[in-house]
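# Observations on the model geometry
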Amino acid sequence: MDYSGKIKTLAKLIQGSSRTFALTGAGISTESGIPDFRSPGTGLWQKTDPMKVATVTVLRRDPAAFYKANLERWSVFTEAEPNAAHYALAALEREGLLEGVISQNIDGLHVKAGSERVWEVHGHLRTCHCMKCNGRQPFSNLLEQFKSGINPPLCICGGVLRPDVVLFEDPMGEDFFHASQALNGCQLLVVVGSSLRVYPVAHLPERAARLVIVNRDATPWDDRAALVINDSAGKVFTDLMTELKQSSDV
Ligand code: APR
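Residues numbered from 1 in each chain as written. Predicted model: local features only at pLDDT ≥ 70, side-chain atom pairs only at ≥ 80, totals over all residues. Heavy atoms only, no water.

Bringing the sheet that holds strand β5 (residues 136-138) into the picture now. Spatially, the three strands line up as an open sheet ordered β5-β4-β6, and their pairing is antiparallel. Single-partner strands in this sheet number two, and they are β5 and β6 (161-165). Sheet twist, expressed as the mean angle between neighbouring strand axes with direction ignored, is 40°. The sheet contact formed by strand β4 (residues 123-130) and β6 spans four bridges and is antiparallel. Across the sheet, residue C130 finds its bridge partner in β6, namely L161. Running over the sheet, helix α5 (residues 63-77) touches β4 and β6 and is turned about 50° from β6. Strands β4, β5 and β6 of the sheet are contacted by helix α8 (residues 139-147), whose axis makes an angle of about 70° with β5. (Pairing = 2+ DSSP bridges. Helix = DSSP H or I, 4+ residues; strand = E, 2+ residues; numbered from the N terminus. Axes fitted to C-alpha atoms, helices over the stretch in contact; angles between N-to-C directions. Contact = heavy atoms within 4.5 Å.)

Turning our attention to the packing of aromatic side chains. Under the defined criterion, the tally for this structure stands at five aromatic pairs. For the pair F66 and W74, a centre-to-centre distance of 5.9 Å together with 65° between the ring planes defines the contact as edge-to-face. As far as the burial class goes, F66 and W74 line up, both buried. Among the aromatic residues, those joined into a cluster by ring pairs are F66, Y67 and W74. Lying across the ring of W221, R224 places its NZ or CZ 3.9 Å from the centre. (Phe/Tyr/Trp six-rings, centres within 6.5 Å; stacked < 30°, edge-to-face > 60°. Buried < 20%, exposed > 50% of the residue type's maximum accessible area, 1.4 Å probe, protein only. Lys NZ or Arg CZ within 6 Å of the ring centre and 35° of its normal.)

Mapping F139 onto the fold places it in helix α8. The exposure class assigned to F139 is buried, which follows from its relative accessible area of 3%. Placed 23 residues apart in sequence, F139 and R162 show a C-alpha to C-alpha distance of 8.7 Å. Apart from residues lying up to four places away in sequence, F139 is in contact with L71, W74, L125, R126, T127, C128 and P163.

As far as domains go, the chain holds domain 1 (1-34 + 82-122 + 171-250) and domain 2 (36-79 + 125-165). One C-alpha centre belongs to domain 1, the other to domain 2; they are set 27 Å apart. Contact with domain 1, which involves 14 residues of that partner, is made by twelve residues of domain 2. Of the roughly 1,000 Å² buried where domain 1 meets domain 2, counting both sides, 58% is carbon and sulfur surface. Among the residues domain 1 hides against domain 2, the three largest losses belong to A26, I34 and I106. Together they make up 40% of the total. Remark: the boundary between domain 1 and domain 2 carries one salt bridge. For E120, the salt bridge identified is with R126, shortest N-O distance 2.5 Å. (Domains from an automatic or database assignment. Buried area = accessible area lost by both parts, 1.4 Å probe. Salt bridge = Lys/Arg side-chain N within 4 Å of Asp/Glu carboxyl O.)

Here we take up the packing of α5 against α8. Where α5 meets α8, the closest approach of the two axes is 11 Å, and the angle between their N-to-C directions is 115°. In the crossing of α5 with α8, the sense of the turn from one axis to the other is left-handed. Every residue of α8 that contacts α5 at Y67, K68, L71, E72, W74 and S75 is listed here: F139, L142, L143, F146 and K147. (Left-handed = near helix turned anticlockwise from the far one by under 90°.)

Next up, the structure:
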């Protein structure tokens with residue numbers, strides 16, 4: 001099937017489903033200037049070992065090194081803007097064609113694009129909490145301390161602050177459990193920009209009656225998908241929205 005045939009098929013699958021979810025990964029945000037983790041050659045984990053910078057052990061053992069390794073990249077997120085794929089998912093939700101977005105991303109771009117129902121299963125960068133007293137505060141306080149040279153950023157109680165993201169070795173946050181429950185009766189799951197290699201999120205496609213994967217590279221789920229489109233998310237969702245508009249105008 002050629003590209004335009006795939007776009008038509010995707011539009012039909014979405015129009016024919018009464019309970020559709022999107023599952024997104026870092027690949028949906030690369031066109032917003034945020035590198036992903038596993039794209040050959042450019043992915044973050046191609047250059048850095050995540051076990052050396054993104055685990056709870058590293059944060060506990062050497063918080064200053066943890067923040068030195070992560071805060072540069074995280075501070076880019078606050079300036080990033082949603083792209084056509086983020087906006088398309090928000091529009092699909094408004095049109096009643098999408099229940100919501102389950103995202104592995106912590107960049108907050110789905111919320112910024114206007115999606116109302118977003119399950120951020122690996123957390124987000126809006127708040128942080130103290131590892132000693134558990135007090136919660138805006139993530140911007142942590143960032144400001146770091147930018148003014150205070151590393152590691154501290155709570156007023158003297159404890160080290162940590163972002164409300166899910167690191168390797170962390171248990172999953174409550175959004176993951178809510179997302180898993182929401183997926184009951186899911187008729188169509190559209191995966192966008194994820195390598196589907198990190199569990200437990202990579203189990204979620206099992207919950208869908210039908211699976212579509214929009215991803216530049218192959219994933220371990222491709223042979224179980226009803227449709228695979230190996231192309232850029234921004235282009236696919238721009239063309240999908242045009243197709244949906246044309247087919248609803250008839
Ligand atoms: N359009 C479509 N697909 C894209 C685009 C794009 N513009 N850019 C990249 N991709 C694809 C790549 O081919 C890749 O397979 O997106 C996928 C991104 O995969 P990963 O980098 O593994 O990101 P993700 O699946 O979100 O990783 C899951 O791993 O390190 C942890 O916590 C981190 O949430 C992350 C998790």
